[in-house]
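Spelled out from the first residue to the last, the chains are:
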Amino acid sequence: PLRAIERLAMSYQACHCCGLIHRIPEMSTDQRAVCTRCGAAMSDGRQPMLAASRTAAAAIAAFVLFWPAILLPILQIERLGQTNQQSILSGIVELFRHGSYFVGFVVLLFSIVFPLVKIVMLIELSWLELLHRRHKALTLRLMEQLGKWSMMDVMLLAFLVMLVKLGNLVHFELGPAVIAFVLCVAMSMVASLSFDPHAIWETSES
């Protein structure tokens, strides 16, 4: 009787999009159930794992690219015979050195700390799972809040605008960090878009 109840409970599933409860019949591997209300595909047990794998791969790539993006020279500016080569991190250090503590702190927080923490949390939720299950909800909420303040993409746009404005004033050359920075932003966006919050619960229960 207990096994029969478990099989009956497993045959019912809520749509991850609209929440409608469906009774899922037995299907072959080439068949797929869809929600009768919104048309979203119902999870077959493999989709959460695929979503988590895609998110983990993109987040790990973003984590690897993050370090050369902030440590390697991103721009070399030549003006009046003087050449200045800066990375993102060294630029923040220069802001603190010249007394621009508020600007330096804002750039450090929103362009380095928040994006890095968000990437690490994506890796934790989609792959590592080092935290206890009861901490997943808190980690997810914290990641969603940090995502609103993670501004690597905004910094990239500001950087491009700066290059356009400086084009007629100084001679500049792009450093190797530019490629890593662009790829890091792209991989972080891919990880965020492919992340399925429902997958972290379904994979832990399987």
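Right, let's walk through the structure included here. In this text the structure is predicted, and so the values were computed from the model without any measurement. (Residues numbered from 1 in each chain as written. Predicted model: local features only at pLDDT ≥ 70, side-chain atom pairs only at ≥ 80, totals over all residues. Heavy atoms only, no water.)

So, about the overall build of the protein chain. Looking only at helices and strands, one finds eight helices and five strands in the protein chain. The order of helices and strands in the protein chain, counted from the N terminus, is α-β-β-α-β-β-α-α-α-α-β-α-α. Of all 206 residues assigned to the protein chain, the portion counted as buried reaches 32%. Of the contacts formed within the protein chain by residues at least 6 apart in sequence, a portion of 60% connects residues at least 24 apart. Just so you have it, the protein chain exposes about 13200 Å², and 66% of that area is on carbon and sulfur atoms. (Helix = DSSP H or I, 4+ residues; strand = E, 2+ residues; numbered from the N terminus. Buried < 20%, exposed > 50% of the residue type's maximum accessible area, 1.4 Å probe, protein only. Contact = heavy atoms within 4.5 Å. Areas by Shrake-Rupley, 256 points an atom, 1.4 Å probe, with all protein chains shown as cover.)

Inspection of the entire model under this criterion finds one salt bridge. Close ionic contact of Glu 94 with Arg 97 constitutes a salt bridge, the shortest N to O distance being 3.0 Å. Taken together, the residues span about one helical turn, with Glu 94 and Arg 97 both in helix H3 (residues 88-97) at a distance of three residues. When its relative accessible area of 61% is taken as the criterion, Arg 97 is described as exposed. (Salt bridge = Lys/Arg side-chain N within 4 Å of Asp/Glu carboxyl O.)

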